[in-house]
Amino acid sequence: AEVAQQLEKLKYIVALGDPCMSAICGSIVLVLAVASSAVIRLLSTARWWGCLRTYVWLAGSCQLLPRSLRKMIGRARTLAQELHRQYFGQVLQQRMGYFWQRLPDAIEASHLHLCERFVYEPSPPRTS
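Residues numbered from 1 in each chain as written. Predicted model: local features only at pLDDT ≥ 70, side-chain atom pairs only at ≥ 80, totals over all residues. Heavy atoms only, no water.

Chemist: Residue-level account of a positive patch on the surface, with values.
Modeler: Residues Arg-67, Arg-70, Lys-71 and Arg-75 make up a contiguous surface patch of positive charge. By the element assignment, Arg-75 lies in helix α4 (residues 67-102). A residue is classified by how much of its surface remains accessible, and Arg-75, at 56% relative accessible area, is exposed. (Patch = residues over 30% accessible without salt bridge, like charges linked within 9 Å, V, L, I, M, F, W, Y side chains within 5 Å. Areas by Shrake-Rupley, 256 points an atom, 1.4 Å probe, with all protein chains shown as cover. Salt bridge = Lys/Arg side-chain N within 4 Å of Asp/Glu carboxyl O. Lys, Arg positive; Asp, Glu negative; His and termini not counted. Charge placed at Lys NZ, Arg CZ, Asp CG, Glu CD. Helix = DSSP H or I, 4+ residues; strand = E, 2+ residues; numbered from the N terminus. Buried < 20%, exposed > 50% of the residue type's maximum accessible area, 1.4 Å probe, protein only.)

Chemist: Go over a nonpolar patch on the surface with me, naming the residues and quoting the values.
Modeler: The grouping of Ile-24, Ile-28, Leu-32, Leu-92 and Met-96 at the surface amounts to a nonpolar patch, some 450 Å² of accessible area in total. Mapped onto the nonpolar patch, the elements with two or more residues apiece are α2 (19-49) and α4. In terms of residues, the nonpolar patch owes the most to one element, α2, which gives three residues. Following the sequence through the fold, Met-96 ends up in helix α4.

What follows is the structure, encoded as structure tokens:
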């Protein structure tokens, strides 16, 4: 049932039920698509220039470092992840959670559609 609710929310976004939500989600998808395209283009360019071997060699060399240096690099990476989580993780995760809760599921979406279609709007009072 929980998975169905999540899929209904995605369906609501894709169906352009709320223009603002669709614009926000479309922007997120666009940013992800551009970022992944840039990474693919960068790897393609690095391969064309012959730099990809250097990057693979560098990654392999890091694995061949002495254990103490690898531990130090691991601690630095863990510290960087903790700092990222501290400054960006919780706030972003909360905001995305609130955003996701705001999206209606199928029942709420059909209710919104019915209200938009059949809502009673009083006419202005007549003046004689």
